[in-house]
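Descriptive analysis of the structure
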Amino acid sequence: MSAWVEVLAPAKINLTLTIKGRRDDGYHELESLMVPLALADVVRCQATAEDRIVVRCAHPQVPTGRENLAVQAAELLRKHVCPGRGAEIIITKRIPVAAGLAGGSTDAAATLLALNQLWGLGLTVTELHNLASQLGADVPFCLHARAAIGRGRGERLQFIEPMANWPVVLVNPGFALSTRVAYALFDQNPVVNDHTSALEVARLLRDGLLVAAAQHAQNHLQDVVASHYPAVAELLHEVRATGMPFVAQTGSGPTIFAVGEDAKMAQRAARLLAGNPERLILVTKLEEFSGEKRISVNGKSI
Ligand code: ATP
């Protein structure tokens, strides 16, 4: 049996996010074009003699108890598949927290993959997907980590061709925003226009038409968040002024992303945006990790 398994847990951005309505279960009906990034946490699971789940993470905003989504993923596996197993989960946090980048969801998805391997469970991708959807709307996407259009709560995935590795600048204004708060703001003032087709934006991006894709894309949470948080509105304005062709808020925010044509353009934008110590600026790119690049067992790729 493996002694430890390490899994890359990529961040995601929503290139589009349209809210189609409110569902009876209280969630919103969504359509969203989502892509994984090269920016990733590392989730390492190792065997322990005890039958408990222990999580370690040095980031001050990440809980280390049952509120941690990685712990919830491990407990779900223990409940349904293998009671009595223990593991230590060590999270190296690189994704900004509560930033609209699915940080907790991706750690949960990576934990499912890691423990499936560590505990020798042999669960299929479909079985893991079903467990992932019980943990949260973004967890199934993070499990597959492939460009997809999410519908329903975001968990019904239509995979699309991988996109080019466009460079991406992420700018976080330096404060956290909970997804719940962003949707509550939207509900107070719901948007009715709905002209975005996620598939059309994906097609434009595949053809390299970044400006046209940006013109066609929408995030229905962006205007409500920007009008309640002037720092976000200001940031959107500043990032657009760098000349990057595709600028928007990701998910519920407050992180703003900018997709550029080449790495030089992205580096230039990052330099122009630097200078405010509260801001966090990261330069990354769109990237899909295949299984071998994503999972390693006892230090070796599988
Ligand atoms: P999403 O877009 O999926 O709603 P997010 O990216 O905006 O999420 P997260 O980084 O997941 O936000 O953080 C939301 C909250 O989740 C944090 O405030 C934190 O307390 C909690 N949390 C639980 N587990 C984790 C984890 N493994 N990593 C980060 N945050 C976690």
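Thresholds applied
Residues numbered from 1 in each chain as written. Predicted model: local features only at pLDDT ≥ 70, side-chain atom pairs only at ≥ 80, totals over all residues. Heavy atoms only, no water. Domains from an automatic or database assignment. Contact = heavy atoms within 4.5 Å. Buried area = accessible area lost by both parts, 1.4 Å probe. Salt bridge = Lys/Arg side-chain N within 4 Å of Asp/Glu carboxyl O. Helix = DSSP H or I, 4+ residues; strand = E, 2+ residues; numbered from the N terminus. Near = heavy atom within 4 Å. Polar contact = N/O pair within 3.5 Å; in protein donor to acceptor, adjacent residues only side chain to side chain. Nonpolar A, V, L, I, M, F, W, Y, C, P; charged D, E, K, R; others polar. Pairing = 2+ DSSP bridges. Axes fitted to C-alpha atoms, helices over the stretch in contact; angles between N-to-C directions. Buried < 20%, exposed > 50% of the residue type's maximum accessible area, 1.4 Å probe, protein only.

Another point: the domain arrangement of the protein. Per the domain assignment, the segments making up the protein are domain 1 (4-160) and domain 2 (167-285). Once you take the C-alpha centre of each, domain 1 and domain 2 turn out to be 23 Å apart. Facing 28 residues of domain 1, the contacting portion of domain 2 comprises 35 residues. Carbon and sulfur atoms supply 66% of the area that domain 1 and domain 2 bury against each other, a total of about 2300 Å² over both sides. Per-residue buried area on domain 1 facing domain 2 is highest for Leu15, Leu17 and Ile19; these three make up 23% of the total on that side. Taken together, domain 1 and domain 2 are joined by one salt bridge. Its salt-bridge partner being Asp187, residue Arg22 comes within 2.9 Å of it at the nearest N-O pair. Elements that contribute at least two residues to the side of domain 1 that touches domain 2 include exactly strand 1 (4-22) and strand 2 (28-47). The element best represented in the side of domain 1 that touches domain 2 is strand 1, accounting for ten residues.

Residues in contact with the ligand amount to 20 residues; listed here are only the nearest, Ala98, Gly100, Ala102, Gly104 and Thr179. The contact in question runs from a nitrogen atom of the ligand to an N or O atom on the backbone of Leu69, over 3.0 Å. Within the contact set of the ligand, an oxygen atom lies 2.7 Å away from a backbone nitrogen or oxygen of Ala102. In terms of residue count, helix 2 (residues 103-118) provides more of the shell around the ligand than any other element does, four residues in total. Partitioning the shell around the ligand into residue classes produces nine nonpolar, seven polar and four charged.

Strand pairing within a sheet occurs via backbone hydrogen bonds; the two strands may be parallel or antiparallel. As summarised here, the arrangement of the four strands in space is 8-9-7-10, forming an open sheet in which the pairing is antiparallel. The open sheet has two free edges, formed respectively by strand 8 (246-249) and strand 10 (280-285), since each of these has just one partner strand. With strand direction ignored, the average angle separating the axes of adjacent strands in the sheet is 20 degrees. With four bridges connecting them, strand 8 and strand 9 (residues 256-259) associate as antiparallel partners. Following the sheet pairing, Phe246 is matched in strand 9 by Val259. Sheet strands in contact with helix 9 (residues 230-241) are strand 7 (167-172), strand 8 and strand 9, and its direction is about 170 degrees off that of strand 8.

On to the pattern of salt bridges. One pass over the full model with this rule turns up 18 salt bridges. Among the salt bridges present, the one from Asp138 reaches Lys12, with a minimum N-O distance of 3.0 Å. Taken together, the positions of Asp138 in the loop between helix 3 (125-135) and helix 4 (139-144) and Lys12 in strand 1 put the pair 126 residues apart, joining distant regions of the chain. The exposure class assigned to Lys12 is buried, which follows from its relative accessible area of 3%. Between Glu50 and Arg52 there is a salt bridge, and its shortest N-O distance comes to 2.9 Å.

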